[in-house]
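Chains, contacts and geometry: an overview
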Amino acid sequence: MIALGGVIGAGLFVGTGAGIALAGPAVLISFALAGLLALLTMRMLGEMAAEHPSSGAFSVHAEKAIGPWAGFTIGWLYWCAVGVVLAVEATGAAKIASSWIPAVPQWAWVLIFMSALTAINLTDVRNFGEFEFWFAGLKIAAIILFLALGTAAIAGLIPTVDSPGLSNLHDFLPNGWSGVLAGLMAVVFAFGGLEVVTIAAAEAEDPEHAVGKAVRSSITRLLVFYLGSMAVVVTLLPWNSSEVGASPYVAVLDHIGIPAAGQVMSVVILIALLSAINATLYGASRMLYSLAERGEAPKALLNKKNGVPRNAVLASVTFGFFSVLLNYLWPDTVFLLLLNAVGSALLVLWGFIAISQIRLRRTIANPTVPMWGYPYLSWLTLAGIVAIILLMLSDEQARGQILSTGVLVAVIAAVGLSRSASRRRSLRGRT
């Protein structure tokens with residue numbers, strides 16, 4: 001449920017309109033390719049997490065497989081990226097809430113949401129799990145209801161809605177295969193957040209069993225939710241309608257005749273954002289704690305109470321609370337720039353996961369959650385990640401994002417390499 005909750009965010013309910021605009025009905029192919037890549041990456045991560053369960057997850061795996069500098073780089077990159085995402089999600093939730101109650105300014109809503117979710121993450125981890133379970137459950141229920149209503153409308157089972165049959169799918173590739181590739185670049189980031197499941201599994205009673213079960217079930221259910229809901233949208237409505245581009249889910253609910261569809265989806269999106277903040281904060285704090293355990297972050301972050309790394313939680317929400325000021329000063333501009341700098345971090349993360357699994361598998365005789373088709377599918381996954389990065393570099397609009405992320409990665413990696421070299425010199429000096 002934490003994995004599902006971390007992924008099903010506003011990006012699914014609103015952001016998928018961009019993918020449809022680029023690929024048309026063929027966005028189904030874009031989602032299938034992105035989902036396959038996410039499935040294979042998660043399987044690789046699941047194999048490593050089952051053998052080496054740790055709250056540092058992929059950072060610990062990179063350290064074991066590649067070296068301390070790699071664990072340092074991917075750990076701090078993840079923490080920086082999700083810190084910004086945390087602030088952006090809080091801003092999105094605040095925009096919705098302030099539209100309902102204009103008397104409360106946007107910055108005040110950010111403060112309210114950040115304070116409440118920080119308090120939840122500072123309590124016993126079981127409370128966090130319970131909270132996230134219900135958050136994720138509400139989102140999943142909303143998607144299942146959407147799929148049921150949409151399928152009924154397509155089948156002609158709703159008297160007030162004329163079934164379009166398959167007429168909207170006749171022009172399946174309106175922008176050709178280049179549109180599919182452009183759509184792939186737009187939708188692949190919708191699968192970001194899945195990695196938090198291996199962080200959470202380290203605190204489960206039976207980590208090996210928890211990882212295996214979560215990896216096997218969560219990604220397949222997500223594919224059903226993502227592909228199923230996109231199939232409903234492009235089958236029921238013309239792909240190039242302005243309503244679909246603005247908000248696919250609202251457009252479908254309006255077409256079916258659901259009263260106040262926009263407000264209904266606003267409630268769902270608000271829940272999705274709060275859930276994503278909750279899961280993101282959890283993942284960020286555990287990653288920071290793991291870095292501190294390995295000497296890659298200040299030891300003060302190791303303070304725990306009731307099993308919760310309190311100082312790591314407080315450090316992870318720092319930027320979220322700072323965003324209260326940013327929302328007061330520049331509510332509509334600053335976060336687009338920040339998100340652009342870390343937006344491609346997911347691809348770097350997946351790349352490190354693939355390389356780590358390829359190297360660590362040589363040391364695992366009988367993995368509990370084996371990667372399918374090793375080593376061929378492992379190498380294919382890495383090739384797919386590299387291909388998307390190259391596509392982004394060749395695209396004028398996406399190039400800035402990938403280059404900005406590249407600069408951030410280079411800076412963190414340089415610090416990590418410098419620390420590793422310093423430690424080696426220190427060890428030689430002692431001997």
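So, a few notes on the structure that sits alongside this text. (Residues numbered from 1 in each chain as written. Predicted model: local features only at pLDDT ≥ 70, side-chain atom pairs only at ≥ 80, totals over all residues. Heavy atoms only, no water.)

**Focus: the overall build of the chain**
Going by this rule: Each helix is a run of DSSP H or I of at least 4 residues and each strand a run of E of at least 2, with the numbering of both proceeding from the N terminus. Each radius of gyration reported is based on C-alpha atoms, and the globular scaling rule is 2.2 Å times the count of residues to the power 0.38. Note on classification: 1.4 Å probe, protein chains only; a residue is buried when its accessible area is under 20% of the maximum for its type, exposed when over 50%, partly exposed between these limits. Throughout, a contact is declared for two residues whenever any of their heavy atoms are within 4.5 Å. All accessible-area figures derive from a Shrake-Rupley calculation using a 1.4 Å probe, and residue coverage is judged against the displayed protein chains alone. His is not counted, nor are the chain ends; Lys and Arg add positive charge and Asp and Glu add negative charge. For this purpose, a charge sits on NZ of Lys, CZ of Arg, CG of Asp or CD of Glu.
Looking only at helices and strands, one finds 19 helices and zero strands in the chain. Here the chain has a C-alpha radius of gyration of 22 Å; the compact-globule value for 431 residues is 22 Å, and the two agree. Overall, the C-alpha framework of the chain stretches about 80 × 55 × 45 Å when taken along its three principal axes. Expressed as a percentage of the 431 residues in the chain, the buried residues total 54%. Pairs at least 24 apart in sequence give 80% of the contacts found in the chain among residues at least 6 apart. Roughly 17,900 Å² of accessible area belongs to the chain as shown, and the carbon and sulfur atoms make up 66% of that amount. Taking the average location of the 24 positive side-chain charges in the chain and that of its 21 negative ones, the two points are 15 Å from each other.

**Points about the environment of A18**
Summarising the element assignment, A18 is placed in helix α2 (residues 10-23). Taking C-alpha positions, A18 is 16 Å from Q401, a pair spaced 383 residues apart along the chain.

**Overview of the packing of aromatic side chains**
For any pair of aromatic rings, the description consists of the separation of the ring centres together with the inter-plane angle of the planes. Rules: Two rings from Phe, Tyr or Trp (for Trp, the six-membered ring) form a pair when their centres sit within 6.5 Å of each other. Planes less than 30 degrees apart are called stacked, planes more than 60 degrees apart edge-to-face, and all others tilted.
Following the criterion strictly, the structure yields nine aromatic pairs and no others. Centroid distance W69 to F352: 6.4 Å. Interplanar angle 70°. Geometry classified as edge-to-face. With W69 in helix α5 (residues 68-100) and F352 in helix α17 (residues 345-360), the pair connects residues that are 283 residues apart, well separated along the chain. The interplanar angle of 40° and the centroid separation of 4.5 Å between the aromatic rings of F146 and Y249 together place this pair among those described as tilted. Linking F146 in helix α7 (residues 125-154) with Y249 in helix α12 (residues 248-256), this pair joins segments that are 103 residues apart in sequence. The two residues F146 and Y249 agree in class, both being buried. Taken together, the ring pairs connect F72, W76 and W79 into an aromatic cluster.

**Some words on the packing of helix α6 (residues 106-122) against helix α15 (residues 318-329)**
Formally: Angles shown run from 0 to 180 degrees and are taken between the N-to-C directions of axes, each axis being a line fitted to C-alpha atoms and, for helices, limited to the stretch in contact. What sets the label is the angle itself: under 35 degrees gives roughly parallel, over 145 gives roughly antiparallel, 65 to 115 gives roughly perpendicular, and the rest give oblique. Charged residues are taken to be Asp, Glu, Lys and Arg, nonpolar residues to be Ala, Val, Leu, Ile, Met, Phe, Trp, Tyr, Cys and Pro, and polar residues to be all remaining types, Gly included.
The contact between α6 and α15 brings their axes to 8 Å, and the two run at 175°. One element, α6, and the other, α15, form an angle in the roughly antiparallel class. Note on element contacts: α15 touches α6 through G320, F321, S323, V324, N327 and Y328, opposite Q106, W107, V110, L111, M114, S115 and T118. Looking at the contact of α6 with α15, its residues break down into seven nonpolar, six polar and no charged.

**What to know about the environment of L417**
Summarising the element assignment, L417 is placed in helix α19 (residues 396-430). The sequence separation of L417 and W69 amounts to 348 residues, and the corresponding C-alpha distance is 5.2 Å.

**Observations concerning the nonpolar core**
This is how it is decided: Buried Ala, Val, Leu, Ile, Met, Phe, Trp, Tyr and Cys residues that are joined via side-chain atoms within 4.5 Å together make up what is termed a nonpolar core.
Core analysis: the largest hydrophobic core is formed by 105 residues, its most contacted members being F58 and W350. No other element matches the 13 residues that helix α3 (residues 27-51) contributes to this core. When sequence neighbours within four positions are dropped, the list of residues in contact with F58 reads L45, I74, Y78, E195, I199, M287, L349 and I353. A97, M114, F135 and L270 belong to the second-largest nonpolar core, a separate cluster that totals 22 residues.

**Considering the side chain of S344**
Here is the rule we go by: Any pair of nitrogen or oxygen atoms within 3.5 Å is treated as a polar contact; in protein, a donor-acceptor pairing is required on top of that, and neighbouring residues in sequence qualify only through side-chain atoms on both sides.
Among the secondary structure elements, S344 is positioned in the loop between α16 (334-342) and α17. On the accessibility criterion, S344 (0% relative accessible area) is buried. Of note is the side chain of S344, whose polar atom sits 2.9 Å from the side chain of Q401. Ignoring sequence-local partners within four residues, the contact set of S344 consists of F189, M392, Q401, I402 and T405.

**A few points about the pattern of salt bridges**
Going by this rule: We define a salt bridge as a contact between a side-chain nitrogen of Lys or Arg and a carboxyl oxygen of Asp or Glu at a distance within 4 Å.
Per the stated rule, a full pass over the model turns up four salt bridges. Between R294 and E63 there is a salt bridge, and its shortest N-O distance comes to 3.0 Å. Note that R294 is positioned in the loop between α13 (261-293) and α14 (310-316) and E63 in helix α4 (residues 57-65), a separation of 231 residues in sequence. A residue is classified by how much of its surface remains accessible, and R294, at 18% relative accessible area, is buried. E63 gets classed as partly exposed once you look at its relative accessible area, which sits at 25%.

**Examining unusual backbone geometry**
Note the cis peptide between Y374 and P375, where omega equals 5°. Secondary-structure assignment places P375 in the loop between α17 and α18 (376-394).

**Re the packing of α3 against α17**
Under the convention used in this document: Left-handed describes a crossing whose near helix is turned anticlockwise from the far helix by less than a right angle; the clockwise case is right-handed.
Two elements in contact, α3 and α17, have axes whose closest approach is 9 Å; the angle formed by their N-to-C orientations is 50°. With respect to each other, α3 and α17 are oriented oblique. Helix-helix and strand crossings are classified by hand; for α3 and α17 the assignment is left-handed. Contacts between α3 and α17 involve L37, A38, T41, M44, L45, E47 and M48 from the first element and W350, I353, A354, S356, Q357, I358 and L360 from the second.

**What to know about the side chain of S285**
Relative to the elements of secondary structure, S285 occurs in helix α13. Since its relative accessible area comes to 0%, S285 is described here as buried. Only 2.9 Å separates the side chain of S285 from the backbone oxygen of Y282, close enough to count as a polar contact.

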